[in-house]
Structure formats: C-alpha cells, structure tokens
There are 4 protein chains.
Amino acid sequence: MAEKKTERDDAEPADRADVNTRVRRSKEAVLTVTLRLMFEEGIGGVSVDEVARRSGVAKTTIYRHWPSRSALLVDACSRLSSKPEVPDTGSLRGDLAALAGRLAEQLETARWPTVLPSMIDAAERDPEIAATYARLRSGFSSPYGPVIERARKRGEVARTQDVSEVVAAIVGPLFYRRWFSREPLDKKFVKGVIDGTLARLKPKI
Amino acid sequence: MAEKKTERDDAEPADRADVNTRVRRSKEAVLTVTLRLMFEEGIGGVSVDEVARRSGVAKTTIYRHWPSRSALLVDACSRLSSKPEVPDTGSLRGDLAALAGRLAEQLETARWPTVLPSMIDAAERDPEIAATYARLRSGFSSPYGPVIERARKRGEVARTQDVSEVVAAIVGPLFYRRWFSREPLDKKFVKGVIDGTLARLKPKI
Amino acid sequence: MAEKKTERDDAEPADRADVNTRVRRSKEAVLTVTLRLMFEEGIGGVSVDEVARRSGVAKTTIYRHWPSRSALLVDACSRLSSKPEVPDTGSLRGDLAALAGRLAEQLETARWPTVLPSMIDAAERDPEIAATYARLRSGFSSPYGPVIERARKRGEVARTQDVSEVVAAIVGPLFYRRWFSREPLDKKFVKGVIDGTLARLKPKI
Amino acid sequence: MAEKKTERDDAEPADRADVNTRVRRSKEAVLTVTLRLMFEEGIGGVSVDEVARRSGVAKTTIYRHWPSRSALLVDACSRLSSKPEVPDTGSLRGDLAALAGRLAEQLETARWPTVLPSMIDAAERDPEIAATYARLRSGFSSPYGPVIERARKRGEVARTQDVSEVVAAIVGPLFYRRWFSREPLDKKFVKGVIDGTLARLKPKI
DNA sequence: CAGTAAACGAGACGGTACGTCCCGTCTTATG
DNA sequence: CATAAGACGGGACGTACCGTCTCGTTTACTG
C-alpha cells in the first residue's frame, strides 16, 4: 500500500503500464533487500553493491531509480511507517494507555526502532532524509490529536492544553527508555508515564 | 599489549613519563582532529585517512592506539561527557528546573547532541560503543539521584518513587523535542515538563 | 539476416518503397552521425548510445541494422573508400606521380587516414572488419594495375615485374611517413619515392 | 633490462630498497599480465579489472602506479622495444639485407606487430602514447643511420642522400605488406625492396 | 654517554564500495 | 513491420577509504 503510493509518487505522469510493471518489480526487489540488510546490519551495512548482489538487480538499474545510496535508504525507510489507528476506549486514560502500550510494544519488538537512530543521525545533515524522517515521525504522533480533542469535549482536558506537549510527555519517556537509558519498557513504567501525564492534564477546577 | 598500556595511560596519571609523553601527544592530536571533523561533517565524515592527513599523525600510529575507526570515534565521543554538578536550590522544583534548564540549553547549543544519534545507532550493534555510550549517558542522569533523595527527606516525594522514572519524565520529553519532533525547546515547554513531573510526584496524602 | 537484407537495400532499388525509405533514412542518419563522431573524436569516441542520442535513431533500430558497434564502424568506414580514377599521362613517371601525389595529398588532408589504424587494429582480430578493410584497401591499390600494364606495353617496365611490389614501393613509403615516422609528406619526398621506384623498374637491357 | 631502467626512471630519488622491491614486484606482475592480455586480445582487450584479476595485484595498487589504463598501456608498450644491433657486413647491400631481413622476420613472428596498429591509433589522439610510440619507432629506424654513414664513406651512397628516405624506402614497403596488403613477406619481396633501394642510392657518377 | 626498545612516519598493499559510462538485449506501444 | 522509448544485466572505469604490513627513523630511558 505504502509502496503503491511510492510508485505513483515517483511516476506522476502515470507512464505506461508495462514499463511500470518492470520498474515496480525491480524497485520492489531492491527495497526488500535493502530493508532486510538494514535490519540485519543497520543502515551502515547497506551497500549498493551488496543490494545488487542479493537482489539480482544490476547496480546500474538501482542507480537508474535512485540517484544515490542515500536516496535508496530514504525510500526504504519510508516503508517503515506504521499507521496506528486512533483508539477510542471512551476515556482519556484508556486511549492514552492503548497508544502508549502499543508504542512500548513496538519499541521492544518491531524492527524499525533498530534503524531510527541511523535516520535521526542522517537527518541531522541530510535534509532529504530529514523530510522522510519527519513524515515517519508524524505517523506515531498523529493519533494523539483526535484523542486529546475527544477528551477535551468530555472535559477531561483543559481547552488550552497543547497536544504536542502531551505527545512529548508520553512518547518522550518511552523513547528515552528505549534509546537513552536501556531499562525495560515494562507495564509499570508505562502506567507511570500515563499517570504522570494524566495528573498533569487534570483541568484546574 | 600496546593497547593495554594505552588504556592505562588514559585511566592513570603515568607509568613511564617518556612513553606517555609521545603517546599522549599523538593521541591528543588525533582526538582533537577527530572531534573537529566530527563536528564539521558528522560521524560519517570522520575517516582515518583524513584524520591522519590533518593531524600529521601517521595512519599506522592511529591504528596502534585504536583498533578501529569505530574505537577512535568512541574514544573521541567519550570526551564529550559533561559532568553536571548537582544543583541545590532548596526545593525540588528549583532543582529540577535547574537540571532541565541546563539540559535544554545544552541540547540546543552544545555540539555533542549533533553526534549522539550516531552513537546510539552504533551502540545498537557495537557493544563497545554501547558501553561508552552508557557511560556518557549516566553523566546527565546522575544528578537526579541526589536531588530526589533530598526531596524525599523534605517529604516532597513519596518514598517509593523510582528515580529512573523521574529522569525519564524530564529528560525524555526534552530529548524527544530535540531529536524526534524538532519543535523548539522553549521555556514554556520546559516549565510544562517540570510541572507535569511535579504533579506526578506529589505524594498521595 | 537483418544484415543480408540491409545489404540488399543498399544494392538494389526497392522491394517495397515505404519500408526501404524508412530503413534508408535511419541508416543514413546513423552513418552520418557515426562518421561525424569518428572524425571528431576518433573511433574510440563512437559509442552506440551517443550515435543514438545525436541521430535521433533509437538504439534498438541501430542494432537491428548492424549486429554490433564494430559492424557499424566498419560500415561507416566503407563509405570512406575513394575510387581513384586511373591516370593516363602517357608516361609511367607521369602516371605514378599522379597517383602518389594524390595519395600524399589525401594522407595529409583527408579525414579517413585518421581512422585507418583503428581499422587495421580491429582487422588484426576481427575477420569481418578485415574483409571490409581489404575492400577499402583495394580501392587505392587498384589503379596501379592498369598503369603498370600500359607501361609494360610501352616497354617501360619488364614483363616479369610484379605489380604488388610496385604498389608496395610507392604506397609503402608514403604510409610509412604518415603513420610510422610522422615526417612531412612533401613534394621532395614523393619525388624521391617515384625516382627510386622508376630506377628499380628500369628494364635490364 | 629494459625493465630495470624503467624502474630507475620511475623512482629517481632511489628511495629505499625494500619499497622498491615491493613496488617492482607489483609492477612486474602487472606489466607481464598486461602484455599477455595485449597480445591475446589486442589493446582494446586490456582492462584494468582483468589485469588485477589475473595478476593478483589489487586494482588500487595498479592505479597507484599508473594514473590511468592508458598510462599502463603506454608503459607496457614501452617494453616492446627491440634494440637491433647495427649490422656490419662490409657492404651496403649486406647491411640493408640484414636489417630488412630481420624486420621482415619480426613482422611475421614477433608479437609486437600485433599491437602496433592499436598504438598508432591511440597515438593519433593521445600525445603520451604518441611519445612512447615515437620512442619505439626510433628503435627500428636507428640502425640505418650508421649503416648509411659507413656506406657513404665507402662511396656507395651520395653524400646528399637523406637517411630517412632510405628508411622509408625499406621499412615502408615491409610495413605495407604487413598491415596494408596482407601478402607474404617472402625473401623475394625483401630482395626486391633492397634492389630497388640500392638502384636508387647508386651515386650519380 | 652509548645502546636499546618504544613509538613513530612513510607508504605499499589487498580489498570493498562508490557512482558513472557504455554495451547489447529485451519488452512494449506507436506509426 | 520498422521504429521510438527506455528498462535491464553486465563489465569496466577511476576514486575513497579500510585495516594490514613492511621498513627505516626518532626519541628518551637505561646500563
């Protein structure tokens, strides 16, 4: 799905079906191998030569579709995006717990957190990667908007509360545990984060 | 063997003066250039050849002191550690504000945050780098222990409160802003983080 | 196969007018560009891609008409052949002087001598090119036969004289100057060659 | 021998023995393979990658010693030079016959004639190769000077006779047979060339 | 104060990867 | 059916860097 969109994005003029078929096949093979390599050995371990070797796609062809190794990585990374649905449990606590729980679980089990630091690092210097990263990032912060909005309507949150601060208050500590401390992301910790955030959000009477 | 001695040189003042002198001179020159390169072009821009070229120290010598490019980077990064003093303003809020304010400032102005993601990424796979990184990390989390302890004595914090959760609650959102959301780390945001944390720490009566 | 047909197209007027027209147009365009490229940058500078680019003829089409880059070059070169008329000045000296003078002039001013070494080189290994080259070569040696024959009738040349040796005696030194010694092909030199050859041809009384 | 000189030419400062040893070994291996390839498949068949593969010398190292494929070829070709001794049979005819006979034999059996057209072609555009070629060329024309000079002293040749014309008169037809006609370089032909040249050189009484 | 062992410089070397150019094949749509 | 358009696998080019490996040359302590 994400991939299809990518294809379309790339070939805006819609070209001709057959060409797209061949192109898609190549790109698919290349991106698959790229992601595999990325997960196995990190972004640094992805070399165009190796991708060519493993995918059976000629290096020339790879460079026909992506102007540089970097561009290939960006494209591959853009496949990582997970589009979480917005939970609706009826209460702010329930919604936040669902979001935080899901994130905590992903941080521990999914493969994309392995790669994220590489991206952040690359984004520090490469604006193109930065853009991709921004898109990826908005993926896991987007559900918070609707959740807070609903809570506002229910009177659980002050009208003035900034959403991005809530996101930071929940996602921040989780990410911190994952990358900056290396302590476990257990239920107790996640509950603490939610409790803290809720305590903070409690509307002043 | 050479390595072992090198290690010792680093940790302890001196074994044999002469050796230390020459070794130190070389290492110093190399590390200086390495850091400069790192800040200029990121970790990716640090190549042993370039370091040798700029520092005037032969590549051979560099490899005599560090077993790999990676090790050199780690060593250079370890110089970045800032050992923050423990603030003592008399109140928990004051102490946390001091710590958070200092960190926020550093995140925006200091040069080491530029490099951190590279380290985290490398740490994801290289245990040696992971160790160095852990040491570095403990630098900015260590002052929280004493601060919380004092607050506990003053009755501002429940006895059961886990320090690492407090660190996560404060440092987490700050880091999040720096690397994951790129929104400004302004005073308002920092104050929000402190408020939220305090709200959470408030001992249940 | 394609070649055979191509050959026929060249030799005969038309099977089906329209087809021949299109084929001829393509071939014409391709060969023109090929020759231009050849003269501009030498045989090494002729790449099928570049010919396609400049001529507007698709690479596919080029390969339909010529099985390889090499074949294209050969074909292009074969256009270089100049069919010199047989001079008839009344004397052997006059005839040979005319032939040698013309050749000397061409060697210095015409564009095909630039390319000849490439062909010779290629001919060293590629029999197809060798054949084309032979055809080309026979072009400038053919007039010597009639000239010598006439001289024989006039008694200027011994009956036993081998024509090919005369050709070698005249063309050889000229070519030598052009490619092997790079000294100028001036009138004096050409006259010397003719004198030498005549001295040699003088029939023993 | 030729090789030794080359080495010395390359490393004028005489450097250090061991380094030269290593360098010489590499260069030797590379040049040997290069020449082999050149004879097998012509200059066009020499690729740096292939040379690296066959010689076991890394491509990097090859490029350390020669700035380009072209330079490598030039160097390899310079090994082809045969330094013919100046014959002294007592008569001009004998000397020329010796020289021409030797050349005719080489043209048919030696390996360098295989490569010469490639060189001439390359020389047409590359001045560096042109220089090497000039050096090579002077190799087989140099003995004619002394031979003619001696003949002059014996009164066999006019004082005004230009040496280069003699060279052209002998070498020219031989080369012509080799590369431009493809007829055999038999004894009869060589004798004819010598006779013709002598007829021409006979001093006017 | 000479001898010695380390640290050092210089740089050759094999190797992997980069990104580019060209070759010749192929597939499909268009006239 | 010739053609335009262009993707594709493959090979070579020349460059940058990695980490290894000689070798001779300081340098400063020791005997």
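Residues numbered from 1 in each chain as written. Chains lettered and ligands numbered in written order. Predicted model: local features only at pLDDT ≥ 70, side-chain atom pairs only at ≥ 80, totals over all residues. Heavy atoms only, no water.

**Observations regarding the domain arrangement of chain A**
Residues and elements named next belong to chain A. Taken domain by domain, chain A holds domain 1 (7-77) and domain 2 (92-200). Here domain 1 and domain 2 have C-alpha centroids that lie 30 Å from each other. At the boundary of domain 1 with domain 2, total buried surface from both sides reaches about 790 Å², with 75% on carbon and sulfur atoms. When residues of domain 1 are sorted by the area they lose upon contact with domain 2, Phe39, Val74 and Cys77 head the list and together hold 63% of the total. Connecting domain 1 to domain 2 are zero salt bridges. Where the side of domain 1 that touches domain 2 is concerned, the elements lending two or more residues are helix H2 (17-41) and helix H5 (69-78). (Domains from an automatic or database assignment. Buried area = accessible area lost by both parts, 1.4 Å probe. Salt bridge = Lys/Arg side-chain N within 4 Å of Asp/Glu carboxyl O. Helix = DSSP H or I, 4+ residues; strand = E, 2+ residues; numbered from the N terminus.)

**Structural notes on the relation of the copies chain A and chain B**
The transformation that overlays chain A on chain B combines an axial shift of 0.0 Å with a rotation of 179 degrees, and the residual RMSD is 0.3 Å. Read as a symmetry element, the transformation amounts to a two-fold axis. For chain A, the smallest separation between a C-alpha atom and the rotation axis is recorded for Gly172 of chain A, amounting to 2.1 Å. An overlap of 100% is found between the interface residues of chain A and their copies at the interface of chain B, pointing to a shared contact surface. (Least-squares fit on C-alpha atoms with pLDDT ≥ 70 in both. Contact = heavy atoms within 4.5 Å.)

**Details of the pattern of salt bridges**
Following the criterion strictly, the structure yields 57 salt bridges over all chains and no others. Across the salt bridge formed by Glu40 of chain B and Arg54 of chain B, the nearest N and O atoms sit 3.3 Å from each other. Here Glu40 of chain B is found in helix H2 (residues 17-41), whereas its partner Arg54 of chain B is found in helix H3 (residues 48-55), with 14 residues between them in sequence. By relative accessible area, Glu40 of chain B is classed as partly exposed at 47%. Linked by salt bridges that have partners in common, Glu40, Glu41, Glu50, Arg53 and Arg54 of chain A make up one network. (Buried < 20%, exposed > 50% of the residue type's maximum accessible area, 1.4 Å probe, protein only.)

**Describing the side chain of Thr197 of chain D**
With respect to the secondary-structure elements, Thr197 of chain D resides in helix H11 (residues 187-201). With a relative accessible area of 3%, Thr197 of chain D lands in the buried category.

**Overview of the interface of chain A and chain B**
Across the boundary between the two partners, chain A contributes 39 residues, which contact 39 residues of chain B. Regarding the contact of chain A and chain B, the summed buried area is about 3300 Å², with carbon and sulfur atoms giving 57% of it. Here chain A is connected to chain B by two salt bridges. Where Glu165 of chain B meets Lys188 of chain A, a salt bridge forms, and the shortest distance between an N and an O atom there is 3.0 Å. At the level of secondary structure, the elements contributing two or more residues to the side of chain A that touches chain B comprise helix H7 (112-123), helix H8 (127-141), helix H10 (163-180) and helix H11 (187-201) of chain A.

**A word on the environment of Val57 of chain C**
All names here are of chain C. Its place among the elements puts Val57 in the loop between helix H3 (48-55) and helix H4 (59-65). Classification of Val57 as buried rests on a relative accessible area of 11%. For the pair formed by Val57 and Ser26, sequence separation is 31 residues and the distance between their alpha carbons is 6.5 Å. Non-local contacts of Val57, meaning those with residues more than four positions away in its chain, are made with Ser26, Ala29, Val30, Ala52 and Ile62.

**Remarks on the interface of chain D and chain C**
In this complex, chain D contributes 38 residues to the contact, which on the side of chain C involves 39 residues. For the pairing of chain D and chain C, the buried interface totals around 3300 Å² over both sides, and the portion due to carbon and sulfur atoms is 56%. Where chain D packs against chain C, one counts two salt bridges. Inspection of the region where chain D meets chain C yields eight residue pairs in polar contact (both at pLDDT 80 or more). Within the residue set of the side of chain D that touches chain C, elements represented by two or more residues are helix H7 (112-123), helix H8 (127-141), helix H10 (163-180) and H11 of chain D. Sort the elements by how many residues they give to the side of chain D that touches chain C and H10 of chain D lands first, with 14 residues. Of the residues that constitute the side of chain D that touches chain C, the class distribution is 16 nonpolar, nine polar and 13 charged. (Polar contact = N/O pair within 3.5 Å; in protein donor to acceptor, adjacent residues only side chain to side chain. Nonpolar A, V, L, I, M, F, W, Y, C, P; charged D, E, K, R; others polar.)

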